[in-house]
Amino acid sequence: MKKSIIAICIASSLIASNTSDEVTKLSSGLKTLLSQEMIAVEISMKNIFSNMIAGNYEAIEKEATGIKNSFILKKKLTQEQKHELHTTVSKEFITQDKTFHATAGKLASAAEFEDIKDVNMYFNQMTNSCVKCHSTFATHRFSNFK
């Protein structure tokens, strides 16, 4: 039993260390675009929070729609960079990213209907997604998650 638990822990740590290195293997151009994307998401998340506490649903909807539409990556990614992204990072990374952007769409919809309960729920889901992604794939950048 103890050996099984130890084996699982070792395997989990190897998987985590391998996935956290995925982003560091990307080309500098793709890393730059990803960094720009993360900065834009962070700014929008802060704006959404500020607008949530002000009850400004129109601004929440606008910011969430921007996140849903993927700001920079969808607009500037070349075919080569798309290929690189999909062959370098894991399916889990891509899945988490798609889920995050889909949740932003749900947040935008909740804001459109001025549903504060769902706005809060989807914003919290997005925040948790950021933490999960950073703690899984970006420990090289966010060392407190190691």
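Residues numbered from 1 in each chain as written. Predicted model: local features only at pLDDT ≥ 70, side-chain atom pairs only at ≥ 80, totals over all residues. Heavy atoms only, no water.

Chemist: Before we move on, could you go through the packing of aromatic side chains and cite the residues and values that matter?
Modeler: In this description, a pair of aromatic rings is defined by centroid distance and the angle of the planes. Per the counting criterion, the structure on display carries 2 aromatic pairs. Between Phe 93 and Phe 137 the ring centres are 5.1 Å apart and the planes differ by 85 degrees, which places this aromatic pair in the edge-to-face class. Here Phe 93, found in helix H6 (residues 91–112), pairs with Phe 137, found in helix H7 (residues 116–137); they are 44 residues apart in sequence, far enough to count as distant. Residue Phe 93 is classed as buried on the basis of its relative accessible area, which comes to 8%. (Phe/Tyr/Trp six-rings, centres within 6.5 Å; stacked < 30°, edge-to-face > 60°. Helix = DSSP H or I, 4+ residues; strand = E, 2+ residues; numbered from the N terminus. Buried < 20%, exposed > 50% of the residue type's maximum accessible area, 1.4 Å probe, protein only.)

Chemist: Account for the packing of helix H2 (residues 28–54) against helix H3 (residues 57–68), naming residues and giving values.
Modeler: Running from N to C, H2 and H3 point in directions that differ by 160 degrees, and their axes come no closer than 9 Å. As far as their axial angle goes, H3 and H2 are roughly antiparallel. You can see that H2 and H3 cross each other, and the crossing is left-handed. Residue-level contacts link Val 41, Ser 44, Met 45, Asn 47, Ile 48, Asn 51 and Met 52 of H2 to Ala 59, Ile 60, Glu 63, Ala 64 and Ile 67 of H3. The class makeup of the residues in the contact of H2 with H3 is 8 nonpolar, 3 polar and 1 charged. (Axes fitted to C-alpha atoms, helices over the stretch in contact; angles between N-to-C directions. Parallel < 35°, antiparallel > 145°, perpendicular 65-115°, else oblique. Left-handed = near helix turned anticlockwise from the far one by under 90°. Contact = heavy atoms within 4.5 Å. Nonpolar A, V, L, I, M, F, W, Y, C, P; charged D, E, K, R; others polar.)

Chemist: So what's going on with the nonpolar core? Which residues, and what values?
Modeler: Ile 48, Ile 60, Ile 67, Leu 107, Val 119 and Met 126 are the most contacted members of the largest nonpolar core, which has 18 residues in total. Here this core takes 6 residues from H6, the largest share from any one element. Setting aside chain neighbours within four positions, we find Met 126 in contact with Met 45, Ile 67, Phe 100, Thr 103, Ala 104 and Leu 107. Counting 13 residues, the second-largest nonpolar core is a separate cluster that includes Leu 85, Val 89, Phe 93 and Ile 94. (Core = buried A, V, L, I, M, F, W, Y, C linked by side-chain atoms within 4.5 Å.)

Chemist: Residue-level account of unusual backbone geometry, with values.
Modeler: Positive phi outside glycine occurs at Glu 114, with the angle close to 50 degrees. Of note, Glu 114 is situated in the loop between H6 and H7.

Chemist: Outline the pattern of salt bridges, listing residues and values.
Modeler: Tallying each qualifying case throughout the model produces 1 salt bridge. With a closest N to O distance of 3.3 Å, Lys 46 and Glu 42 form a salt bridge. Of this pair, Lys 46 and Glu 42 both sit in helix H2, 4 residues apart, roughly one helical turn. (Salt bridge = Lys/Arg side-chain N within 4 Å of Asp/Glu carboxyl O.)

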